[in-house]
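Chain by chain, the residues:
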Amino acid sequence: MDTPDTLVALADYLSDGIIVADEASLVYANARGLMLLGADSPEEVIGQPLTRFVRPDDVSQIFQSMSCHEGDNSGTPIWGRLLRADGRTMNVRGISLPILWEETRPCRLLVLQSSHQTDAGEEAMDQREVYRESVQTRPRVGSWERDLSTGVEIWSDEYCRILGYEPGTILPTLDTFAKALHQDDRDRVRGAIEQSLASDTPYDVECRIIQPHGGHRIVRCRGVVIRNIAGDPVRILGSVQDQTADTPCERSDGQGLRKSDEWLDLVSCAGHVGMCDWDHRFGHMYWSPILRDLFGLSADVPASLRRYVKLIHRADRERILAVIRAAKDSAGDARVQVEHRIVRPDGTVRHLSVHVRTGFEGEGSVREPSHTMGTVVDVTDHALAEAYRCEASKLMMISTLAGGIAHEFNNNLTAVLGFSQLALPLVPADTKAYRHIQQVIAAGRISSELVHQLVMFSRQTTPTRHSISVPLLVRESVKLLRSTIPSWIELNEQITASTGSIEVDETEMRRMLIILMIGAVQAMHNVSGVVGIELRDVELSTDMATASGRIPAGRYLCLRVKDSGEKLEPQTVTTFNTTLDATNSHVEARAIGLSVARDIAAAHGGVMTVDSRVGLGTTVSVYLPMPMVCPPLVSNEEASLPRGHEGILLVTAEESSAKRGRNMLQSLGYYTVVRTSAASARAAFNLAPRHFDLLIVDQTLSDMTGDQLARECRRLRPDLPVILCIGSEDALSVERAHSLGIAELMPRPFVLHESAYVIRRVLDRSLSPSSSLPLPSAADSFRYESPTSLREVSDAIGPCG
Amino acid sequence: MPSVLVVDDEVQIREVIRDALEQAGYAVEEACGGREGLDRYRINPADVVLMDILMPDQDGLESILAFRREFPSSRVIAMTGGSDMIGVLNFLEVAKMLGACGALQKPFETQALLNAVAAEVTV
């Protein structure tokens, strides 16, 4: 140790205050030390007891600091308030070192800095005072101090207790404190301390402490950074106030506990939060009533892990079991947040968000889980909303894409159709080239219609309702779909509705139709089968109860889409909105689609029902209410189609096609006689051959082929134009048809838009002087004949017409 | 001989319309954009203008307005292959509101084209 002379010589160079004192009195103070003591000369202080220069309430602390660590040459921190000779208080801090003064006298060397020597020091010391006072006066306040250069921390006993440790049983380190912090609070507290270090301002933050045995405390952490003369941070002083006692549950009077329960009930009810508690030591498990409600279990079902695992959706089960194992792992952080699905006993599927925290007992190898607490919230709506958002996003992209494609296609199709139509008259009608160009025109028209359908399906518009022919929409949608489905799936279209137009949002209605049809097709899963699409009028004399709700008595347009695919899950059938349970994307997409279709039907005042059975597939029925008086079967689009008043004999084997064809032709203004067999058609024609301007006949009839019937009719009327309707299965070649005098071949089934143009073209051609067909002498006279006469003929030749 | 000015940026479209109209006895002039169409119309006013909507230099809707401003008596038929909407109206409906006397949605039948042009020539 330095001699006094050496020390004094050195002390004179120091800017710190140097004071040497023994237990009785001061023995030395350098100039700076004298200034700290408020003395002008050494004589004023030397020999005076040190206690005279220390504020009374700091005496014990300062002397305690001075007396501890005897024999330790490393020095101990010291801080306190000096009572200066001028009566002012001086905050000082520094270190205390044991020395031998004059080689024999044990003294303490105090190296002190006053608050006047640093910019923030005084304020910091004042704040420290505040904290010290706070520590002393408030219950359950712990204090701590960290030496930033060494990392050494000093914790008060209360601080240890707040963190859940008995004083002296834990090494006070920053890491211990950080681990005790709730994981959600760690970043916030760290940020507050870093901010304080950077800005030289105290921090004040509330956070949660998780104690080793699982208890939790809500604490208020406050602290201040102490800086040296150069302004560098050297220490942090802090306090931790336990505020858990301020919350209702910690009040010792019992009323607090009751209030706490009330709060808990209120919050859990408001958020419909289920709660569980699992005691690992005894294996007891508790489920709150709300949790039982979420699980769909009654109060008499025992709560158990096994029962819970059984509820978990099979696709999620392994994942959740792994999470449960991890939550119990003593090496883990004991907190888990996970989402999974459950299948309730009634078959409905719900999405749950689960937060659990596991408490542990013991340390090291004997550390084991004591209990797990958890909250459970139903997030099915959120999951569905997310799924819908994805679907909407996809639709938006499709819409954009379709719009761009449509523009390019339509330009190209304009050229294809235009040039083909210009080229056609330049080629002799009896050549292959002529027929080939005809095929190009027909294909171009079909493509044009498909593009139109694609655009209409994908268009995102403001909902607007117009009087639209639903049968027409269904036919067009079927046609659009037919070009996209695999060949092994058959589309069976049966449109028997005689209803005309009803007020619908065309875009939405198209979307609903396509969703239902695509869903049915996808349900087939690469196996052959039939998708049936029916549209018929339904009259309910009484209310009809369905799983989807009551359908009031009245008149409806009923759309049915049937498939023979796999059975849907019960919850999909009954509620549609608990749908994200599927283990494959097709089923999930169909479930979402059904939900969308249900909404569209509901928006039109309708109801959708689903009937799904093992081995029989699924039938989706949409009931759209019809107005008391339906307008005629003419839509805005139909109104712009070419029309006429000529007489047409339509022959088709299918009753539904016959009815639909008659409606369609009549909607275009034609007087129509319809027959479903060759024999009855021949009889009608023979009765009044001059009253027909056109024969439209299906190639496939029950008693004769269409071309044979055409030949027989043309024997009586060689000028009779004929349109032959053929399907892909019909083997009739274009050459053969032409040789039979067939004016046009038309694909089956009828599509109004296309048929209207073909019919008008054929009729106009038969009128044209350049037509290869001779103009019958009686035709003109008939054309100007009163329409009533044909109606009379129609009536006379049978009810079917 | 009635005359038609075809304004379309697609050369194929101009060509097919020209052929169809010339075959039907019309004199046809072409322009590949709205501004060029207006320039040509100033030199040689056609009886009917067929105006595409979606064109790169000046879109058809602007061009229809320009025609209507400078030549109020001009007869403009709008045509488009696009399906875009402005609010609840599609381009052709908007074109009509801006003064187009007719509208053709591409692709169209040759006869529909002839009918539309003939209707304006005889007005």
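A quick note: this is a predicted structure, and the numbers were derived from the prediction, not measured.

Draft legend 1. Highlighting the interface of chain A and chain B. Taken residue by residue, the interface counts 21 residues in chain A and 20 residues in chain B. At the boundary of chain A and chain B, one finds one salt bridge. Note that E109 of chain B is salt-bridged to R445 of chain A, the shortest N-O span being 2.6 Å. At the surface where chain A touches chain B, the tally comes to six residue pairs in polar contact (both at pLDDT 80 or more). At the level of secondary structure, the elements contributing two or more residues to the side of chain A that touches chain B comprise α12 (380-423) and α13 (432-458) of chain A. It is α12 of chain A that contributes the most residues to the side of chain A that touches chain B, 14 residues altogether. Across the side of chain A that touches chain B, the residue classes tally to seven nonpolar, twelve polar and two charged.

Draft legend 2. Examining the sheet that holds strand β22 (residues 554-563) of chain A more closely. All names here are of chain A. Strand order in the open sheet formed by five strands is β17-β19-β22-β24-β23, with mixed pairing between adjacent strands. The open sheet has two edge strands with one neighbour each: β17 (489-495) and β23 (607-613). Averaged over neighbouring strand pairs, the angle between their axes works out to 15° when direction is ignored. When strand β19 (residues 529-540) meets β22, the two strands line up antiparallel, connected through nine bridges. In the sheet register, R536 faces β22, and the bridge partner there is C558. The strands that helix α15 (residues 506-522) touches are β17, β19, β22, β23 and β24 (617-625); relative to β22, the one it contacts most, it runs at about 35°.

Draft legend 3. Spatial organisation of the nonpolar core. Residues and elements named next belong to chain A. Of all hydrophobic cores here, the largest spans 37 residues; its most connected members are V474, M512, L516, V531, L559 and M608. Among the elements that line this core, the one with the most residues is α15, at seven residues. Of all hydrophobic cores here, the second largest spans 24 residues; its members include I290, L294, A327 and I342.

Draft legend 4. Expanded view of the sheet that holds strand β15 (residues 368-378) of chain A. All names here are of chain A. Strand order in the open sheet made by the five strands is β12-β11-β15-β14-β13, with antiparallel pairing throughout. What marks the edges here is a single partner per strand, and that holds for β12 (284-287) and β13 (335-343). Strand after strand, the sheet turns through a mean of 20° between neighbouring axes, direction not considered. Together, β11 (273-279), β13 and β14 (349-361) form the strand contacts of helix α11 (residues 314-327), whose direction differs from that of β13 by roughly 155°.

Draft legend 5. View of the environment of P77 of chain A. All names here are of chain A. The residue P77 is located in strand β3 (residues 76-83) in this model. In sequence terms P77 and L110 are 33 residues apart; their C-alpha atoms lie 9.6 Å from each other. Those residues in contact with P77 that lie beyond four places of it in its chain are S65, G94, I95 and R235.

Draft legend 6. Structural context of the state of the cysteines. Residue and element names in this part refer to chain A. Counted according to the given criterion, the structure contains zero disulfides over all chains. The thiol sulfur of C221 is not disulfide-bonded, and the nearest other cysteine sulfur, from C207, lies at 3.6 Å. For C221, a relative accessible area of 3% gives the class buried.

Draft legend 7. Here's a closer look at helix α2 (residues 34-43) of chain B. Those residues of α2 of chain B not exposed but buried are G34, G37, L38 and Y41 of chain B. Looking down the long axis of α2 of chain B, one finds its buried residues gathered within 100° of arc, a one-sided arrangement.

Draft legend 8. Geometry of helix α5 (residues 110-121) of chain B. Residue and element names in this part refer to chain B. Compared with the 16 Å implied by 1.5 Å per residue over twelve residues, the 17 Å span of α5 between its first and last C-alpha is a close match. For α5, the set of buried residues is T110, L113, L114, V117 and E120. One side of α5 holds all its buried residues, which, seen down the axis, span an arc of 135°.

Draft legend 9. Looking closely at the environment of F295 of chain A. Residue and element names in this part refer to chain A. Relative to the helices and strands, F295 is located in helix α9 (residues 289-295). Among the residues examined, F295 registers a relative accessible area of 1% and is labelled buried. Taking the C-alpha atoms as reference points, F295 and D378, 83 residues apart in sequence, are found 9.6 Å from one another. Setting aside residues no more than four positions away along its own chain, F295 makes contact with W287, Y308, L311, I342, R344, P345 and L352.

Draft legend 10. Up close: the packing of helix α1 (residues 11-23) of chain B against α5 of chain B. All names here are of chain B. For the pair α1 and α5, interaxial distance at closest approach is 10 Å and the crossing angle is 65°. Judged on the interaxial angle alone, α5 and α1 are roughly perpendicular. Judged by the twist between their axes, the crossing of α1 over α5 is right-handed. Packed against α1, whose contacting residues are I17, A20 and L21, the element α5 presents T110, L113, L114 and V117 at the interface. Residue classes in the contact of α1 with α5 are distributed as six nonpolar, one polar and no charged.

Draft legend 11. Just the environment of S73 of chain B, in detail. Residue placement: S73 of chain B occurs in the loop between α3 (60-70) and β4 (76-80). Spatially, the C-alpha atom of S73 of chain B lies 9.7 Å from that of D47 of chain B, the residues being 26 residues apart in sequence.

Draft legend 12. Main features of the pairing of β19 of chain A. Taken together, the seven bridges between β17 of chain A and β19 of chain A define a ladder with parallel strand orientation. Among the inter-strand pairings, Q494 of chain A is bridged to a residue of β19 of chain A, identified as E534 of chain A.

Draft legend 13. Quick peek at the packing of aromatic side chains. Residues and elements named next belong to chain A. Counted under the stated rule, the structure contains eight aromatic pairs over all chains. Here the aromatic rings of W155 and Y159 are separated by 4.8 Å at their centres, their planes lie at 85°, and the arrangement is edge-to-face. Of the residues examined, W155 reaches a relative accessible area of 9% and is grouped as buried. For Y159, a relative accessible area of 1% translates into the label buried. An aromatic cluster is defined as three or more aromatic residues linked by ring pairs; in this entry it consists of W155, Y159 and F177.

Draft legend 14. The pattern of salt bridges, seen in detail. Residue and element names in this part refer to chain A. Throughout the structure, instances matching the rule amount to 28 salt bridges over all chains. Taking the shortest distance from any N to any O, the salt bridge between R319 and D316 comes out at 3.6 Å. Taken together, the residues span about one helical turn, with R319 and D316 both in helix α11 at a distance of three residues. Look at D316 and you get buried, because its relative accessible area is 5%. Taking the shortest distance from any N to any O, the salt bridge between R761 and E744 comes out at 3.1 Å. Taken together, the residues span a long stretch of sequence, with R761 in helix α23 (residues 752-767) and E744 in strand β29 (residues 744-747) at a distance of 17 residues.

What counts, and at which threshold
Residues numbered from 1 in each chain as written. Chains lettered and ligands numbered in written order. Predicted model: local features only at pLDDT ≥ 70, side-chain atom pairs only at ≥ 80, totals over all residues. Heavy atoms only, no water. Contact = heavy atoms within 4.5 Å. Salt bridge = Lys/Arg side-chain N within 4 Å of Asp/Glu carboxyl O. Polar contact = N/O pair within 3.5 Å; in protein donor to acceptor, adjacent residues only side chain to side chain. Helix = DSSP H or I, 4+ residues; strand = E, 2+ residues; numbered from the N terminus. Nonpolar A, V, L, I, M, F, W, Y, C, P; charged D, E, K, R; others polar. Pairing = 2+ DSSP bridges. Axes fitted to C-alpha atoms, helices over the stretch in contact; angles between N-to-C directions. Core = buried A, V, L, I, M, F, W, Y, C linked by side-chain atoms within 4.5 Å. Buried < 20%, exposed > 50% of the residue type's maximum accessible area, 1.4 Å probe, protein only. Disulfide = S-S within 2.5 Å. Arc of directions from axis to C-beta. Expected span 1.5 Å × (residues − 1). Parallel < 35°, antiparallel > 145°, perpendicular 65-115°, else oblique. Left-handed = near helix turned anticlockwise from the far one by under 90°. Phe/Tyr/Trp six-rings, centres within 6.5 Å; stacked < 30°, edge-to-face > 60°.

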